Number of protein chains: 8
Amino acid sequence: MSDIKEILKKVASGEITSEAAELKLKTQPFEDLGYAKPDYHRAVRQGIAEVIYGAGKTAEQIVGIAHSLAAYGQETILITRLDAEKAAEVNKEISLDYRDTGRIGIIGKIPEKRAGKIVIATGGTSDMPVAEEAAITAEVFGNNVVRLYDVGVAGIHRLLYHSEDIMTARVIVAIAGMEGALASVIGGLADCPVIAVPTSVGYGAAFGGLAALLSMLNSCASGVSVVNIDNGFGAGYLASMINHIGLDE
Amino acid sequence: MSDIKEILKKVASGEITSEAAELKLKTQPFEDLGYAKPDYHRAVRQGIAEVIYGAGKTAEQIVGIAHSLAAYGQETILITRLDAEKAAEVNKEISLDYRDTGRIGIIGKIPEKRAGKIVIATGGTSDMPVAEEAAITAEVFGNNVVRLYDVGVAGIHRLLYHSEDIMTARVIVAIAGMEGALASVIGGLADCPVIAVPTSVGYGAAFGGLAALLSMLNSCASGVSVVNIDNGFGAGYLASMINHIGLDE
Amino acid sequence: MSDIKEILKKVASGEITSEAAELKLKTQPFEDLGYAKPDYHRAVRQGIAEVIYGAGKTAEQIVGIAHSLAAYGQETILITRLDAEKAAEVNKEISLDYRDTGRIGIIGKIPEKRAGKIVIATGGTSDMPVAEEAAITAEVFGNNVVRLYDVGVAGIHRLLYHSEDIMTARVIVAIAGMEGALASVIGGLADCPVIAVPTSVGYGAAFGGLAALLSMLNSCASGVSVVNIDNGFGAGYLASMINHIGLDE
Amino acid sequence: MSDIKEILKKVASGEITSEAAELKLKTQPFEDLGYAKPDYHRAVRQGIAEVIYGAGKTAEQIVGIAHSLAAYGQETILITRLDAEKAAEVNKEISLDYRDTGRIGIIGKIPEKRAGKIVIATGGTSDMPVAEEAAITAEVFGNNVVRLYDVGVAGIHRLLYHSEDIMTARVIVAIAGMEGALASVIGGLADCPVIAVPTSVGYGAAFGGLAALLSMLNSCASGVSVVNIDNGFGAGYLASMINHIGLDE
Amino acid sequence: MSDIKEILKKVASGEITSEAAELKLKTQPFEDLGYAKPDYHRAVRQGIAEVIYGAGKTAEQIVGIAHSLAAYGQETILITRLDAEKAAEVNKEISLDYRDTGRIGIIGKIPEKRAGKIVIATGGTSDMPVAEEAAITAEVFGNNVVRLYDVGVAGIHRLLYHSEDIMTARVIVAIAGMEGALASVIGGLADCPVIAVPTSVGYGAAFGGLAALLSMLNSCASGVSVVNIDNGFGAGYLASMINHIGLDE
Amino acid sequence: MSDIKEILKKVASGEITSEAAELKLKTQPFEDLGYAKPDYHRAVRQGIAEVIYGAGKTAEQIVGIAHSLAAYGQETILITRLDAEKAAEVNKEISLDYRDTGRIGIIGKIPEKRAGKIVIATGGTSDMPVAEEAAITAEVFGNNVVRLYDVGVAGIHRLLYHSEDIMTARVIVAIAGMEGALASVIGGLADCPVIAVPTSVGYGAAFGGLAALLSMLNSCASGVSVVNIDNGFGAGYLASMINHIGLDE
Amino acid sequence: MSDIKEILKKVASGEITSEAAELKLKTQPFEDLGYAKPDYHRAVRQGIAEVIYGAGKTAEQIVGIAHSLAAYGQETILITRLDAEKAAEVNKEISLDYRDTGRIGIIGKIPEKRAGKIVIATGGTSDMPVAEEAAITAEVFGNNVVRLYDVGVAGIHRLLYHSEDIMTARVIVAIAGMEGALASVIGGLADCPVIAVPTSVGYGAAFGGLAALLSMLNSCASGVSVVNIDNGFGAGYLASMINHIGLDE
Amino acid sequence: MSDIKEILKKVASGEITSEAAELKLKTQPFEDLGYAKPDYHRAVRQGIAEVIYGAGKTAEQIVGIAHSLAAYGQETILITRLDAEKAAEVNKEISLDYRDTGRIGIIGKIPEKRAGKIVIATGGTSDMPVAEEAAITAEVFGNNVVRLYDVGVAGIHRLLYHSEDIMTARVIVAIAGMEGALASVIGGLADCPVIAVPTSVGYGAAFGGLAALLSMLNSCASGVSVVNIDNGFGAGYLASMINHIGLDE
């Protein structure tokens, strides 16, 4: 970390030019914590939230990376796949807004919402943890989110009842386990990109989300693409990216 | 074959009693052609069509089995999975009504239609060979069949347009490849049993029908059961069986 | 919920016509609890039991949905995949008849049995939880159920001993893990539809029920269809649907 | 088809109001050719190209659907998965611009290019058929396309050499077989959505594109989503959809 | 080859003792043809037939190996997986008894049949090529073979009719594709070892024999073991080995 | 149970003839405990041990079946897949000889060893539970067992050191996890049947025994057949069956 | 191509300094042929052969790349996965030494052999195409190659007979289909790195090389690593790389 | 054990010649502990560390094997896959240097480092346990190890920053879960052998490391080979073997 701060200090003091600093930052774009090498490129460019993938990291490692990011000036940090116990440990060191359904911790402020509506729909009640991971991610990146939960295709009227939300969205996240048919039906109704998220909800021949994954990859509807099983964060992040297209140009 | 005919002749001539014949038939219920042992049990009981699975059999073997069945008194014989070339060869020996889309050959008369409507729906145009195999099978077993082809879920309005057919069917066969979502949507709309048939239509992650198969097995709609990939015959036969429940009692 | 009751009250008070109410109900067919959107369509039409899939829902959510259904007038509610601990929690709020082998809770009265016999057969003793889920479901939907447990094909005489039950059933549920051959053998003996349920009983190359599933899908017997691994409820529900064909016409 | 034309004629002649026609079109949104039910909803709304999926359809069926679309007023029609032989047959009936690498036929005019650059990158030379399917689709839907072929990760300098194209794209399509790592590396370099297309290029443990598919689904880079193996059309269509966001508002 | 002949000549001429020769043979037990190293160990010990696996070898290579074996004194040679065309080529060089159903070529005399009956049963007519490969192999190794073809479990009476053959066999080979249930049913009826051979007969979820393979591996009957899909030779060879136990002691 | 004893008592008292009893036993060959239908056919014929598969059964069910078998006259009962805790519970009701490595409980006496040696070999130390299940089963069924543990192919000298045991066995059980190559190497060395047992020992791409299973099914050595992953009992039982061939004739 | 030659010419003429040229080459390290971007980095550094992967490229594309490489000064070019027909086409444009068993074409001279022996062993005769691909690759990169074909583990003596070759190799390539046990046995005998190549030789449960692949990945022998199924080139290239370690330092 | 010591004592005392002892050792190369047969061949030849695979062995068995190795003169013993609890138990009997991240225990001294650098790189922080297993193994076998952790391809600059380490290594171990692209990118940058280790890090479609495994096997970079999922030891051992080539000649 010291290296980068050093460089910035030197710019501030006029010791080196900003051009020289820029070059240095380009070739040395991250801090080396030994167990992790957090990347500051994106933050430098865009000022948006940084993300720490919590699974497989100890509370100590998470705190270490978060401190490093904060010291560097990051205002909002999202920690995904963070179980309640680890969240409590992290909270002792850094104040944390923890959302248990989505297993997400938020450090710092949530930015204002920008134009464009993201619809997040689920096939059933059991898909909510993944949906909340997507929804909170999208909100932390500054988006309007409309939640449509438990609108699975076995009761198609529940979905059609919300046709207007679906027709007016800028991007839709369709989340479903079991047979994953929700993505195709929404894809057929909507004119905007649909991000399909298979979930591991189900049993037997659901094979941990494989059935929903294959179903979504084979969607006969155009405009549908797929992320990993249970990857609510990835869907929320990509939805935000698509929703912001045209806004920053 | 001679054994069974022998028995029946002896009954006719009064040589043995019908009771003795019945016993004999119960313990020796089939003819042994060496390469095949056609079973006459069902025909004896019900007088309905017998079926020869054509794949993996030579034209000679098919003709042999058909002759044996005909000699035994069978009036209608269905030959499934029969390609055009083999059909032509069989036709030289036994007159055959060949339907090329469904790859089915029919020997003898098609019975009258009985009460109760069977709807056969497909997701796309490419599912037609499987659908015709199902439809012709159901017709040969004496059923009314309504065909709804190319009503896949990516254009849900096409399916909803046919709601009345779906609501008034006694049993529905839902045929689809790719993501196989048709079965779930129909299952949610209908109050009758839905027989789902995954097809090998599709490419890539369709894995020869596996995606549709898993999707259908995980259907969130109640009342849906599944047969093998591309098994149009099995679906048509089962649909007929269900449709006739209550009629013969 | 209030919406729907509101509508019905208005009909009762003559405020709106029944035709207007019907239209309203068609476009607004469910209540929105946020985490779930229970559907009242079926109950309105048929007066039969509603089903809550208990897995992946909290006790609070189950109670919430059950209260909503009860308030709407539902007399019988079935809760499947309900473990004993959660059942005890639910029981504190709503009186529950809990059957532990089948992991099913029943709220309200069980309807009278109607004509037609459903046979439920298992390959082994270990398949009983799935079989009881099927059997209780069928009973709650008003069917006669005959249980044939531990009649696996490795001791074929045990199955043949029960030939009469098999020959006189209106529909059979064949439940087996390991190699799942029971469905084919029963399918060969019976003249009625056979619903095959693979179970996750077994080890090694049983791959959690995959072996039985594939075996059943490839059944050489006609009239056999398959539901998901361990899906006792689905089989019991479909068996009831088939058994009632012709009765209500 | 007659129905829809009939409606429109009646509007023109003042026989029915446009409001009545709109209602009629909403409830009867497609033509029924028996083997297919082409949907005119989208064209009515947006005036963009219609697509016919050529695989599994006969030349006759393709011509039939194309004629129906053209008669309805569709100006541009895209036929995907069209082999050269079938294209020649179709060309006898309707004039066709056939692109053999991408196995695509175009009927009618290609629209003007609109703002925003779509980069289409491939790992190797053998991925070109899929890439051309994507590129031509995007062009037919009115997009600027930059082709970067054979920039696989085993020679990372080839990819980095094109950093500027990658950094300034509005959306990128990353196409690769074998290990499919291209999507992750591009995802790490770009700030825009990346649509990953696994291809069936490779042998042995590539398992027909499965290795690339799994690799892409597990991408550690954010902003990456995946379509079916070899689904160039789907990627091109989605890229166009994303590229047009904000342009039509 | 010269090495081994050399050794034997030297023994004949008294140049080396038989003990020295034996040692030499033990350390140098095969001839090196470059593309193949045929092993003479077994022949030296037992005087039984040698086997050449024909698939993946050219006719030239097969002839080369056969000549080498013949020159060494081998009286009977079995060539498996030999298609008709290659058989004709081989026949030009060495006289061959070719059996086309089992795709087997036999060079030399077939030994006399020894005590003990091997039953070879198939589920259907299409399993015959595998069954004949097994049956001819067993016959060439000197066994009595009883063929029971087309006795699949969907018509259990056909199998029970042959109970006596099953109860009196020394070893049974059960051959079936599709769901492969034959092995379990026979395993339950018989008291002797059952060798199960899954075949690639079937379609869809048969997955080239995988369904039958898994089914047989999970057989609930004791005394059943399994060989590779379509491995008729392996089953016939093992059946012979088991049948001869006790005879040579 | 009472039925069968009743029959036998009546025979003893002369109330019915032995012929009548035989007929009765043939049609009613098992006792119906509700949760299980233990089969006495085999015991009647052969007087050998009966086996209870312990997994998935409660201690109460095991005791119930064991009591039923014992009451019927069974002298030796083997209970497989019996964990230590359940064994302790069973032992309170029926005296049990429990072997913890092989997770087997034995009720009653172990019969005398008969002629013929069974070799049981393992690739590693971790395969011992499966090996002991096989070895104890074989011993309980009256066989000489030689144990060769940890003779995996990565140290081929360890295996070759035991060549004599391998060359003189009547049947060999080859047990290995990981790559399962032991079966092929032993199959190449031995002249007797080799029963291969894949184990779930290993990690990663061992996929719970799948790697070893596939390896063994594809063995290039003749005379090798395979049982289910970890199926020590099945291998021990089959080895005994083969070892006794010729002894009882 | 012109760019790079341009640069080098300018260096020769003194127009630019060698330092400037080096920089230019680093940032522009390949030629862009549109359909391919051949990389000259390695050749610049090492002067060794370049490789063109022939599968999925047209003869025209291969010739184009080869001309580009030759023009750049490359003395030896290896073309892998080149079928005979395409080789003949290429040969019309550039003189080619074509080896049909290994499906490899060589342009230019084969370098001298350097110290260190590479052993290439196969399980069977059918593995020869893969083995020759490996062997010729290794030879073209300047290595001594010893071929040991058809030394599969089912006849372990054939392998032990060649112990000395195995013990004195610097690196071994072990090639086998079916159960792939060869790698483990060689890995146990040798003290040097073993590169395992699974082949698609086999049938049924070999699943196109999957069985051998899993077997090799789970090898209990240390020092074994694995390349893709049938990847003879990869194994030969890596073997050469390992064999040359220490020679160039 | 006594046998081998006995032999060596007799050599020391002149009782037998060293030649006779050598022969004896060759035929009896291991000690038989019943549950294990530790092999002393390698130690005799090379004096390097012996390895005990700790998983699936009890602490008692580990201690037993370690005592046997130590008694035989082994100076360094590595115990892999040793959890902390078992390590504590072993430590009571034999003094142990336990490294918890890599789950490795070391008995005895670590040898001096020899020439040549091994780089061990990981895609993420979560891959560290596997990386440490590889790194400690390589160190115990006498190698210089450079650790590059968290240099995954989604932030390619982090990897390029370490180009010099990668360009100057003698062998590289590339460790990654999820999409496993690290191996291909490093393989493209480096001129030395790359050993790829897929890890089970990830979720959903990572399928326990399968995605990374397939990705690495299909690497488009030359010089890459693969070991089993999570097999850090195997990679470290092989890296050491390759690194020492040329040093001992």
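These figures come from a predicted structure and were not determined experimentally.

## Quick notes on the overall build of chain A
Thinking step 1. Looking only at helices and strands, chain A has 11 helices and nine strands in total.
Thinking step 2. Across the 249 residues that make up chain A, the buried fraction comes to 61%.
Thinking step 3. As displayed, chain A offers around 8800 Å² of accessible surface, 51% of which is attributable to carbon and sulfur atoms.

## A look at the packing of aromatic side chains
Thinking step 1. Under the counting rule described, the total for this entry stands at 24 aromatic pairs over all chains.
Thinking step 2. Measuring from ring centre to ring centre gives 5.2 Å for F:F141 and F:Y237, while their planes differ by 85°; the resulting arrangement is edge-to-face. Here F:F141, found in the loop between helix 6 (128-140) and strand 6 (143-148), pairs with F:Y237, found in helix 11 (residues 232-243); they are 96 residues apart in sequence, far enough to count as distant.
Thinking step 3. Using a relative accessible area of 8% as the deciding quantity, one classes F:F141 as buried.
Thinking step 4. Site record: aromatic cluster; members linked through ring pairs are A:F141, A:F233 and A:Y237.
Thinking step 5. The lysine or arginine in question, H:R81, covers the ring of F:Y203, its NZ or CZ lying 3.9 Å from the ring centre.

## Here we look at the relation of the copies chain H and chain G
Thinking step 1. Note on the copies: chain H fits chain G at an RMSD of 0.0 Å, the axial shift is 0.0 Å, and the rotation between them is 180°. Overall, the copies show the geometry of a two-fold rotation axis.
Thinking step 2. Both copies contact each other with a shared surface, as 100% of the interface residues of chain H are interface residues in chain G too.

## Some details on the relation of the copies chain B and chain C
Thinking step 1. Between the two copies, chain B and chain C, the superposition gives an RMSD of 0.1 Å; the rotation angle is 180° and the shift along the axis is 0.0 Å.
Thinking step 2. Interface overlap between copies: 96% of the residues of chain B at the interface are likewise at the interface in chain C, consistent with a symmetric, same-surface contact.

## Side note on the interface of chain B and chain C
Thinking step 1. Counting residues at the interface gives 26 residues for chain B and 25 residues for chain C.
Thinking step 2. Between chain B and chain C the total buried area reaches about 2400 Å² when both faces are included, carbon and sulfur atoms providing 57% of it.
Thinking step 3. Connecting chain B to chain C are zero salt bridges.
Thinking step 4. For the interface between chain B and chain C, the tally reads four residue pairs in polar contact (both at pLDDT 80 or more).
Thinking step 5. Those elements that place two or more of their residues in the side of chain B that touches chain C are helix 3 (41-46), helix 10 (210-217), strand 9 (224-226) and helix 11 (232-243) of chain B.
Thinking step 6. Take the side of chain B that touches chain C: its biggest share by element is five residues, from helix 11 of chain B.
Thinking step 7. When grouped by side-chain class, the residues that make up the side of chain B that touches chain C number 14 nonpolar, seven polar and five charged.

## As for the sheet that holds strand 2 (residues 76-80) of chain D
Residue and element names in this part refer to chain D.
Thinking step 1. Within the open sheet, the four strands sit side by side as 1-2-4-3. Their pairing is mixed. Either end of the sheet is taken by a strand with one partner, and the two such strands are strand 1 (50-53) and strand 3 (97-99). Geometrically, the sheet is characterised by an average inter-axis angle of 20° between neighbouring strands, direction not taken into account.
Thinking step 2. The pairing of strand 1 with strand 2 spans four bridges and is classified as parallel. Looking at the pairing, V51 lines up with L78 of strand 2.
Thinking step 3. Across the sheet, helix 4 (residues 59-71) lies against strand 1, strand 2 and strand 4 (104-108), angled at about 170° from strand 1, the strand it touches most.

## Some words on the pairing of strand 4 (residues 104-108) of chain E
All names here are of chain E.
Thinking step 1. Most of strand 4 is tucked away: four of the five residues are buried.
Thinking step 2. Strand direction decides the pairing type here: strand 2 (residues 76-80) and strand 4, joined by four bridges, are antiparallel. Looking across to strand 4, one finds that I79 is bridged to G105.
Thinking step 3. Where strand 3 (residues 97-99) folds back onto strand 4 in an antiparallel hairpin, the turn is made up of four residues, including R103, whose phi is positive at roughly 50°.

## Overview of the interface of chain H and chain G
Thinking step 1. In this complex, chain H contributes 26 residues to the contact, which on the side of chain G involves 26 residues.
Thinking step 2. Looking at the side of chain H facing chain G, the largest losses of area belong to H:D191, H:L217 and H:I245, adding up to 23% of the total buried there.
Thinking step 3. Seen at the junction of chain H and chain G, the total is four residue pairs in polar contact (both at pLDDT 80 or more).
Thinking step 4. Every element with two or more residues in the side of chain H that touches chain G is listed here: helix 3 (41-46), helix 10 (210-217), strand 9 (224-226) and helix 11 (232-243) of chain H.

## As for the packing of helix 4 (residues 59-71) of chain G against helix 5 (residues 84-93) of chain G
Residues and elements named next belong to chain G.
Thinking step 1. Interhelical geometry of helix 4 versus helix 5 gives an angle of 45° and a closest axis separation of 9 Å. Relative to helix 5, the element helix 4 is oriented oblique. Between helix 4 and helix 5 lies a crossing whose hand is right-handed. Together, A59, E60, I62, V63 and H67 of helix 4 and K86, E89, V90 and E93 of helix 5 make up the contact between the two elements.

## Describing the state of the cysteines
Thinking step 1. Within the structure shown, the criterion is met by zero disulfides over all chains.
Thinking step 2. The thiol sulfur of G:C220 is not disulfide-bonded, and the nearest other cysteine sulfur, from F:C220, lies at 15 Å.
Thinking step 3. Assessed through its relative accessible area of 30%, G:C220 is described here as partly exposed.

## Topic: helix 6 of chain F
Residue and element names in this part refer to chain F.
Thinking step 1. An ideal rise of 1.5 Å per residue puts 18 Å on 13 residues; helix 6 measures up with 18 Å between its terminal C-alpha atoms.
Thinking step 2. Of all the 13 residues making up helix 6, 12 are buried; the element is thus mostly covered by neighbouring parts of the structure.
Thinking step 3. Along helix 6, the residues classified as buried are M128, V130, A131, E132, E133, A134, A135, I136, T137, A138, E139 and V140.
Thinking step 4. Of the residues one or two after helix 6, G142 is the one with positive phi, at around 85°.

## Notes on the pattern of salt bridges
Thinking step 1. Enumeration over the complete set of coordinates arrives at 56 salt bridges over all chains.
Thinking step 2. Here B:R147 and B:E139 are joined by a salt bridge, their closest N and O atoms 3.0 Å apart.
Thinking step 3. Notably, a salt bridge pairs D:E133 with D:R81, separated by 3.4 Å at the nearest N-O pair. Of this pair, D:E133 sits in helix 6 (residues 128-140) while D:R81 sits in the loop between strand 2 and helix 5 (84-93), placing them 52 residues apart in sequence.
Thinking step 4. Accessibility expressed as a relative area gives 2% for D:E133, which makes it buried.
Thinking step 5. Ionic contacts of the salt-bridge type, sharing partners, join the residues A:E132, A:E139 and A:R147 into one network.

## Some points on the sheet that holds strand 3 (residues 97-99) of chain A
Residues and elements named next belong to chain A.
Thinking step 1. Reading across from one edge, 1-2-4-3 is the order of the four strands in this open sheet, with mixed pairing throughout. Single-partner strands in this sheet number two, and they are strand 1 (50-53) and strand 3. Looking at each pair of strands side by side, their axes are set apart by 20° on average, direction ignored.
Thinking step 2. Across the sheet, helix 4 (residues 59-71) lies against strand 1, strand 2 (76-80) and strand 4 (104-108), angled at about 170° from strand 1, the strand it touches most.

## What to know about a negative patch on the surface
Thinking step 1. Together, A:E60, A:D83, A:E85, A:E89 and A:E93 make up a negatively charged patch on the protein surface.
Thinking step 2. In this structure A:E93 comes out as exposed when scored by relative accessible area, which is 54%.

## Re the pairing of strand 1 of chain D
Thinking step 1. Across the two faces of strand 1 of chain D the burial differs, with D:E50 and D:I52 buried and D:V51 and D:Y53 not buried at all.
Thinking step 2. In this fold, strand 1 of chain D hands off to helix 4 of chain D, which returns the chain to strand 2 of chain D; that crossover is right-handed.

## Brief notes about the environment of C:A205
Thinking step 1. Assignment of secondary structure puts C:A205 in the loop between strand 8 (194-198) and helix 10 (210-217).
Thinking step 2. A C-alpha to C-alpha distance of 9.7 Å links C:A205 and C:E179, two positions 26 residues apart in sequence.
Thinking step 3. Among residues more than four places away in sequence, those in contact with C:A205 are C:A211, E:L214, E:L217, E:N218, F:L213, F:N228 and F:I229.

## Notes on helix 10 (residues 210-217) of chain A
Thinking step 1. The element helix 10 of chain A is extensively covered by neighbouring structure, given that seven of its eight residues are classed as buried.
Thinking step 2. Within the sequence span of helix 10 of chain A, burial applies to A:A211, A:A212, A:L213, A:L214, A:S215, A:M216 and A:L217.

## Observations regarding the confidence of the model for chain A
Thinking step 1. Summary statistics for chain A give a mean pLDDT of 86 and a share of 84% for residues scoring 70 or more.
Thinking step 2. The ipTM assigned to the predicted complex is 0.87, against a pTM of 0.90.

## A short note on the side chain of F:T76
Residue and element names in this part refer to chain F.
Thinking step 1. Within the secondary structure, T76 sits in strand 2 (residues 76-80).
Thinking step 2. Among the polar contacts listed, one links the side chain of T76 to the backbone oxygen of K109, at a separation of 2.8 Å.
Thinking step 3. Among all residues touching T76, those that are not within four sequence positions of it are A49, E50, I106, I107, K109 and V140.

## With respect to unusual backbone geometry
Residue and element names in this part refer to chain H.
Thinking step 1. Backbone geometry places M178, a non-glycine residue, at a positive phi of 45°.
Thinking step 2. Within the secondary structure, M178 is located in the loop between strand 7 (171-176) and helix 9 (182-189).
Thinking step 3. According to the relative accessible area criterion, M178 is partly exposed, its value standing at 23%.

Reading the values: the criteria
Think of each chain on its own: its residues are numbered from 1, step by step along the sequence as written. Written order determines the labels here, with chains lettered from A and ligands numbered from 1. For this predicted model, a pLDDT threshold of at least 70 governs which residues receive local features, and a threshold of 80 or more governs which side-chain atom pairs are given and counted, while totals over whole chains, interfaces and linings are taken from all residues. The side-chain values count all of the structure's non-hydrogen atoms but skip hydrogen atoms and water molecules. Per the convention used, a helix needs a DSSP run of H or I reaching at least four residues, while a strand needs a run of E reaching at least two, with both numbered from the N terminus. Think of it in three bands: with a 1.4 Å probe and only protein chains considered, a residue is buried below 20% of the maximum accessible area for its type, exposed above 50%, and partly exposed in between. Methods summary: accessible areas were calculated by the Shrake-Rupley approach with a probe of 1.4 Å, and residue burial reflects only the protein chains presented. Aromatic pairs are defined between Phe, Tyr and Trp rings, using the six-membered ring for Trp, whenever the two ring centres lie within 6.5 Å; interplanar angles under 30 degrees are classed as stacked, those over 60 as edge-to-face, and all others as tilted. Sitting over a ring, as applied to charges here, requires NZ of Lys or CZ of Arg to be within 6 Å of the ring centre and within 35 degrees of the ring normal. When the copies are superposed, the least-squares fit takes in the C-alpha atoms of residues with a pLDDT of at least 70 in both. Residue contacts are counted whenever heavy atoms from the two residues lie within 4.5 Å of one another. Throughout, buried area stands for the accessible area (probe radius 1.4 Å) lost by two parts on being put together, summed over both. Salt bridges are defined as contacts in which a side-chain nitrogen from Lys or Arg sits within 4 Å of a carboxyl oxygen from Asp or Glu. Side-chain atoms alone can form a polar contact between residues adjacent in sequence; in general such a contact is a pair of N or O atoms within 3.5 Å, and within protein one must be able to donate a hydrogen while the other accepts it. Here the nonpolar group is Ala, Val, Leu, Ile, Met, Phe, Trp, Tyr, Cys and Pro; Asp, Glu, Lys and Arg are the charged ones; every other residue, Gly included, is treated as polar. A pair of strands counts as paired when DSSP detects no fewer than two bridges linking them. Fitted lines through C-alpha atoms give the axes, limited to the stretch in contact for helices. The angle between two N-to-C directions lies from 0 to 180 degrees. We call two directions roughly parallel when the angle between them is under 35 degrees, roughly antiparallel when it is over 145, roughly perpendicular when it lies between 65 and 115, and oblique otherwise. Note on convention: the crossing is left-handed when the near helix lies turned anticlockwise from the far helix by less than a right angle, right-handed when the turn is clockwise. Only a pair of cysteine sulfur atoms within 2.5 Å counts as a disulfide in this structure description. Helix span, as expected, comes to 1.5 Å for every residue beyond the first. Note on patches: the residues involved have over 30% relative accessible area and no salt bridge, like charges join within 9 Å, and the nonpolar side chains Val, Leu, Ile, Met, Phe, Trp and Tyr join within 5 Å. Positive charge is attributed to Lys and Arg, negative charge to Asp and Glu, and no charge count is given to His or to the chain ends. Charged groups are reduced to one reference atom each: NZ for lysine, CZ for arginine, CG for aspartic acid, CD for glutamic acid. The handedness rule is simple: strands pointing away from the viewer, and a clockwise path from the first strand over the helix to the second, make the crossover right-handed. In predicted models, pLDDT denotes the confidence assigned by the predictor to each residue on a 0 to 100 scale.

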